[in-house]
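Observations on the model geometry
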Amino acid sequence: QVQLVESGGGLVQAGGSLRLSCVASGSIFSINVMGWHRQAPGKQRELVAAISSGGVTNLAASVKGRFTISRDNAKNTVYLQMNSLEPEDTAVYYCYAHIWAMGAADYWGQGTQVTVSS
């Protein structure tokens, strides 16, 4: 059984910072891509950032220069450092990972709320 557990969401004022963490646990053979999506009320879920096992990153244009994604392969953990937050960043943030366990599959966390007040 593979689980992804997120932490670090909350309420912050515009211009502030938050750091999200996501830990993958269970019978994991290897993890390929890890990353974050977000979904704001009334909007579709969108990719925020992703990182390969080798450290190659991909960030959405809307967060480049403000967000940084990183991972600790030894801890099966991915991080999202969010700086200069804007009210438009308010959303539920979901961690995901492409994991080889009993087979290859995409796994998702339960989501963590990020609210940025103006």
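Below or above, wherever it landed, is the structure these notes cover. (Residues numbered from 1 in each chain as written. Predicted model: local features only at pLDDT ≥ 70, side-chain atom pairs only at ≥ 80, totals over all residues. Heavy atoms only, no water.)

1. Description of the state of the cysteines
Using the criterion set out here, one finds one disulfide in the structure. Shown here is the disulfide that connects Cys22 with Cys95, its sulfur atoms set 2.0 Å apart. Disulfide Cys22 to Cys95: torsion about the S-S bond roughly -80°, handedness left-handed. Taken together, the positions of Cys22 in strand 3 (residues 18–25) and Cys95 in strand 9 (residues 91–100) put the pair 73 residues apart, joining distant regions of the chain. Judged on exposure class, the residue Cys22 and its partner Cys95 are both buried. (Disulfide = S-S within 2.5 Å. Helix = DSSP H or I, 4+ residues; strand = E, 2+ residues; numbered from the N terminus. Buried < 20%, exposed > 50% of the residue type's maximum accessible area, 1.4 Å probe, protein only.)

2. Some thoughts on the sheet that holds strand 1 (residues 3–7)
Taken in spatial order, the four strands of this open sheet run 1-3-8-7, and their pairing is antiparallel. Pairing within the sheet leaves two strands with one partner each, and these edge strands are strand 1 and strand 7 (67–72). The mean inter-strand angle of the sheet, taken between neighbouring strand axes irrespective of direction, is 15°. In the sheet, strand 3 pairs with strand 8 (residues 77–82) via six bridges, with the strands oriented antiparallel. Bridge pairing in strand 8 links Val23 to Thr77. (Pairing = 2+ DSSP bridges. Axes fitted to C-alpha atoms, helices over the stretch in contact; angles between N-to-C directions.)

3. Points about unusual backbone geometry
Unlike most non-glycine residues, Asn76 shows phi in positive territory, near 50°. Structurally, Asn76 is set in the loop between strand 7 and strand 8. Taking the relative accessible area as the measure of exposure, Asn76 reaches 24% and is therefore partly exposed. A positive phi angle is found at Ser84, which is not glycine, with a value near 50°. Positionally, Ser84 belongs in the loop between strand 8 and strand 9.

Note that every value here comes from positions in space, so none of it alone points to a role or purpose.
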